[in-house]
Amino acid sequence: MWEGLPFFLEVLVGGLLSGVMYSLVAIGFVLIYKSSGVFNFAQGTMLLFAALTFVSMTERQVNFWVAFSITLVMMVIMGIIIERTVMRPLANQSLLSLFMATVGLNYFLEGLAQGVWDSAVHGVDLGISNDPIFLIEKFPILGLDIIISQFDIAAALIAGSMILGLTLFFQYTRTGLSLRAVSDDHMAAMAVGIPLSRIWAIVWAVTGVICLIAGLLWGDRVSVSFTLTAAVLKGLPVILIGGLTSIPGAIVGGLIIGASEKLGEIYLAEIFGGQGIEHWWAYTTALIFLMIRPTGIFGEKEIERV
Amino acid sequence: MYYREAGRLVKSFAADRRMLPLMEDRFVTTLFVVVVMYGLVTWLASDYIFSAILIPMMVLGVATLGLNIATGYTGQLSLGTAGFMCFGAFAAFNLIFRLDWMYIPLAFFLAGLIAGLMGIIFGLPALRIKGFYLIVSTLAAQFFAEWVFNAYPWFLNYTSSGVVNLPPFHYKVFPFQELTPLNDAFWHSSRGRYLITLTITIALIVACKNMVRSSTGRNWMAVRDMDIAANVIGISVAKTKLMAFFVSTFYCGVAGAMYSYCYIGNLDFMIFNLRRSFLVMFMVIVGGLGSILGSFLGAIFVYGWPILVTRLGDAIFGGGTLDTAFVENNSKIVVGTIIIVLLIREPGGFAALWNTSKQKLRVWPFSK
Amino acid sequence: MNTSTDSKNPILVLDNINLSFKGVKAITDISFNVYEGEICAVIGPNGAGKSSMLNVINGVYIPQEGTITFEGKQFKKMKPGTAASMGIGRTFQNIALFAGMSTLDNIMTGRNSFHKATFWETALNVGRVRSEELASREEVEKIIEFLGLQSIRKTPVSSLPYGLQKRVELGRALAAQPKMLLLDEPMAGMTMEEKLDMSCFIQEVNRNLGTTVVLIEHDMSVVMDVSDHVVVMDYGKKIGDGTPEEVMNNQDVIDAYLGVSH
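Residues numbered from 1 in each chain as written. Chains lettered and ligands numbered in written order. Predicted model: local features only at pLDDT ≥ 70, side-chain atom pairs only at ≥ 80, totals over all residues.

A. Focus on the overall build of chain A. Each helix and strand counted, chain A has 12 helices and two strands in total. For chain A, the succession of helices and strands along the chain, N to C, is α-α-α-α-β-α-β-α-α-α-α-α-α-α. Across its three principal axes, chain A shows a C-alpha extent of roughly 60 × 55 × 40 Å. For chain A, the proportion of its 306 residues judged to be buried stands at 49%. Expressed as a percentage of contacts within chain A between residues at least 6 apart in sequence, the contacts between residues at least 24 apart total 73%. (Helix = DSSP H or I, 4+ residues; strand = E, 2+ residues; numbered from the N terminus. Buried ≥ 20, exposed ≤ 12 C-beta atoms within 10 Å, placed from the backbone. Contact = placed C-beta atoms within 7 Å.)

Written as structure tokens, this is what we have:
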């Protein structure tokens, strides 16, 4: 058992690091859900759209930062357009309708992204080394002989600092305060003069930025192609574990899913007679958590009044 | 006016409870089914019409109806439709393949039951978790289905390619089939498969209509609209939800079996992927939540649009001009747009549009 | 039914009910009886715990302490389903109709306990389905006639005005043929005429069918008119219990309603 420990830790750390990425995607979900009650299924495709736009420019010899800025501006504009044309006319509709609208939006963007660009597989290189780090060499004090991917660490750092920045932004700025007011009660927030549509526009724009960062990180790791839309499927169990309305929940949920996915792949796949369990394992993990806490770890428990 | 909705005196509650209370509706529907679907179409349609248009539309319509029972009638969001179709398809294959006395309708029915059982299992969390959180359970079902038939090749009879061709000699349609003039070859042709699909589809529509117009359907809708109130007036919410999941996944299971046997003619778990689940969901939204007619209108539109675009392209620009990628992206954009526009303008989908246009026609030309 | 309540059997006995939400006390030590065939009004200022009281009676809330005895059967935890099957009907303060269904279907759902047919029987439309559906329809049609809802029989309830929705909700509760009706502010937000109609319906149900009624109401003139028995609550406690006259002259009640100078 104990000989297996370093290996176990290696898997765990790898899982946690990839979990930070899931958290980033999940925070995009949470922001929109918190502020407008929309469960944004189009996030995966927004991510693909961002990455595809960026790659299409760099492949045409556009400078990295120029391409990044243009894509950033484009994602912000896209977020605002989505808010204007789709979400605002649907305000006050049932949660199910809003969800379905984003599913439709998702389909639309999928067609658009692949129609405007193409459906080929692109590579994206952020210039982050993918060499493994031998922890025992760098930090002998820890006494752990495990290998960690340098890319994973860098990605986790970028994602982590994004998360930190967003948390601070929404905790300490006026916009953040308004957002929290809106998420508590739309009507009351409007009544005290908070411009609801501006908050929504900001949230959608921020989500656009998150999609760009996540899209590039993910794109570097796996490649930019249609499979990127699966990001939404990675983010889903995360926010459901964490609770749809909680940013800390998204972070914790991401770590749990990341770790559980990697551990499950290594330790459970054999029991289940084959590889590829990670797809449903993440959902099973989420299901177990939800059976214990039906609205996620940090989710608001609604008291039903009659 | 030959067609009038008002002014027909309903003389008994039994008459008011009929599936189609209007005499005209009954007449037109019967005419359509008997003369058109079983008569003219069966007689005249080509192989292409059967196997590329009518059969898939009916099969997908049944799957849409299944999802509509869970989502439209009972308010339980499900993203695992294709997964349950997959369970149904594999159940049907194994029943027919392993038991040589098996008949197609019975196999499809049992396949539905097995899918329904899976539906109950994956529906159990619905007793505790609500709303969006339930997505987890249905997605788990979807991915579990995709995985289990990949990981355990027994279900595929160890076919190395992962795709089982369904040789037609596998199936019998009904007992004493050999005594009828319609031989095996007929039932294996597209026309025969069309008749099988049509009959099963009609049976499932009638059954659904029956449930919806009775206590079963009212309980579903009560749970959908306000589960606390339903509980207080004595409806068991747990039982109702599980029952809805069972019936819903039963339909999906039968649709899956028909998909394999009557439509594509092979068994392939890759086909029943998450994308197909979403496609069925689009059919529900476009057609109209909580509508039987809508389920089929949605299936016809979402399935038919790419075909229409391809055909139009061929007609206008000459054969094969439009490549599949273009058609695919075009239909994604169109269907996506229609979903959004419908949700904003007419959340009831095509079914509601159909009803309002009937209303407008009634007062035509005095309407705006 | 203005006979003295003493000669009657209690249909419902609440004994020492305590209910709190995360430490916040909603109901403290409440005990009272409701007698068979009476109209019992529960009154009190907003936030007094009246609705919570009704929720305890039919099992929506589970009290931390105390027992509920309905028709001689004692419960520590009542369940909504059990309450319904024992014959407790209910309407809600904020209308809880099934918004997507017609008036007729809403009232039909009230009769779900009379429908024994399983779902596959309904799917095939065989066996008892037809007779049950028609029997229910006949009963429901009587209620529709009684409440004057004929013209909106097939209208989706979400498009009905408030007063009519309240009526449909009463109809749905009546369809179950309850022994006891819990009505949570059945007349709130109604015009004088609508209130008159509604109190007529309630009294008629009580008189003709012998249904016991527990209602929450703020309009004192209505309360004094229709009820045989009044329970007064304030801050989750019972401060008065008796005939309308007794309660009207109760000093605690007067203080609670008019305020006291300290």
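Structure's up, so let's keep going.
B. View of the overall build of chain B. In terms of helices and strands, chain B carries 15 helices and two strands. In summary, chain B has a C-alpha radius of gyration of 21 Å against a globular reference of 21 Å for 368 residues, a match within 12%. Across its three principal directions, the C-alpha atoms of chain B cover 65 × 55 × 50 Å. Taking all 368 residues of chain B together, the buried fraction comes to 50%. Long-range contacts, defined as pairs at least 24 residues apart, comprise 76% of the intrachain contacts of chain B with a sequence gap of at least 6. (Rg over C-alpha atoms; globule rule 2.2 N^0.38 Å.)

C. Representation of the sheet that holds strand β2 (residues 24-35) of chain C within the structure. All names here are of chain C. The antiparallel open sheet is built from four strands, whose spatial order is β2-β1-β4-β5. Only two strands of the sheet have a single neighbouring strand rather than two, namely β2 and β5 (73-75). Between one strand axis and the next, the sheet turns through 20° on average, direction left out of account. Sheet strands in contact with helix α1 (residues 50-57) are β1 (10-21), β2 and β4 (65-70), and its direction is about 65° off that of β2. (Pairing = 2+ DSSP bridges. Axes fitted to C-alpha atoms, helices over the stretch in contact; angles between N-to-C directions.)

D. Just the environment of C:Leu97, in detail. Residues and elements named next belong to chain C. Position of Leu 97 relative to the elements: it lies in the loop between β6 (88-91) and α3 (103-109). Overall, Leu 97 belongs to the buried group, with 26 C-beta atoms counted inside 10 Å. Those residues within four positions of Leu 97 in sequence are excluded, and the remaining contacts are Asn 106, Val 157, Gln 165, Val 168 and Glu 169.

E. View of the interface of chain A and chain B. Every contact between the two is made by 41 residues of chain A and, on the other side, 37 residues of chain B. Those elements that provide at least two residues to the side of chain A that touches chain B are α4 (95-116), α10 (231-242) and α12 (278-292) of chain A. Ranked by the residues each element gives to the side of chain A that touches chain B, the list is headed by α4(A), at 15 residues.

F. Highlighting unusual backbone geometry. Residue and element names in this part refer to chain C. Not every positive phi belongs to a glycine, and Asn 16 is a case in point at roughly 55°. Secondary-structure assignment places Asn 16 in strand β1. Overall, Asn 16 belongs to the exposed group, with 12 C-beta atoms counted inside 10 Å. Unlike most non-glycine residues, Asp 29 shows phi in positive territory, near 45°. With respect to the secondary-structure elements, Asp 29 resides in strand β2. Residue Asp 29 is classed as partly exposed on the basis of its 14 C-beta neighbours within 10 Å.

G. Up close: the sheet that holds strand β8 (residues 212-216) of chain C. Residue and element names in this part refer to chain C. The strand order across the open sheet built from six strands is β6-β7-β8-β3-β9-β10, with neighbouring strands paired in mixed fashion. One side of each edge strand has no neighbouring strand; the edge strands of this open sheet are β6 and β10 (237-242). Across the sheet, the mean angle separating the axes of adjacent strands is 15° when strand polarity is ignored. Two strands pair when backbone bridges link them, and strand β7 (residues 180-184) and β8 are joined in this way by five bridges, in the parallel orientation. Each residue of the ladder has a partner; that of Met 180, found in β8, is Thr 212. Its contacts with the sheet put α1 on β3 (39-43), β6, β7, β8 and β9 (229-234), and the angle it makes with β7 is roughly 150°.

H. Quick look at helix α14 (residues 324-345) of chain B. Spanning 22 residues, α14(B) covers 31 Å between terminal C-alpha atoms, matching the ideal 32 Å at 1.5 Å per step. Taken as a whole, α14(B) has its buried residues at B:Asn329, B:Ser331, B:Lys332, B:Val335, B:Gly336, B:Ile338, B:Ile339, B:Ile340, B:Leu342 and B:Leu343. Of the surrounding elements, those touching the buried residues of α14(B) are α3 (64-87) and α4 of chain A together with α12 (274-287), α13 (292-317) and α15 (349-363) of chain B. (Expected span 1.5 Å × (residues − 1).)

I. Structural view of the environment of C:Pro10. All names here are of chain C. Of note, Pro 10 is situated in strand β1. Note: C-alpha distance between Pro 10 and Phe 32 (22 residues apart in sequence) is 9.6 Å. Other than its neighbours up to four places away in sequence, Pro 10 contacts Asn 33, Val 34 and Tyr 35.

J. Focus on the environment of B:Leu65. Of note, B:Leu65 is situated in helix α3 (residues 47-73). The exposure class assigned to B:Leu65 is buried, which follows from the 32 C-beta atoms found within 10 Å.

K. Region of interest: the pairing of β2(C). Of the pairings in the sheet, the one linking β1(C) to β2(C) comprises eight bridges and is antiparallel in character. Bridge pairing links C:Pro10 to C:Tyr35 in β2(C).

L. Quick look at the packing of helix α1 (residues 5-36) of chain A against helix α6 (residues 150-172) of chain A. Residues and elements named next belong to chain A. Here α1 crosses α6 at 35°, and the two axes come no closer than 9 Å. Crossing of α1 over α6 shows left-handed handedness. Residues Gly 14, Leu 17, Ser 18, Val 20, Met 21, Ser 23, Leu 24 and Ile 27 of α1 form the contact with α6, whose own contacting residues are Asp 152, Ile 153, Ala 155, Ala 156, Ala 159, Gly 160, Met 162, Ile 163 and Leu 166. Looking at side-chain class alone, the contact of α1 with α6 contains 12 nonpolar, four polar and one charged residues. (Left-handed = near helix turned anticlockwise from the far one by under 90°. Nonpolar A, V, L, I, M, F, W, Y, C, P; charged D, E, K, R; others polar.)

M. A look at the confidence of the model for chain B. Overall, the prediction assigns chain B a mean pLDDT of 89, with 95% of residues at 70 or greater. For this predicted complex, the interface confidence reaches an ipTM of 0.90, while the overall pTM sits at 0.91. (pLDDT = per-residue confidence, 0-100.)

N. Here's a closer look at the pairing of β3(C). All names here are of chain C. Within β3, five of the five residues are buried, leaving the element largely enclosed by the surrounding structure. Where burial is concerned, the two faces of β3 agree: the one with Ile 39, Ala 41 and Ile 43 and the one with Cys 40 and Val 42 are both buried. Pairing of β3 with β8 involves four bridges; the strand directions are parallel. Note on β8: the bridge partner recorded for Ile 39 is Val 213.

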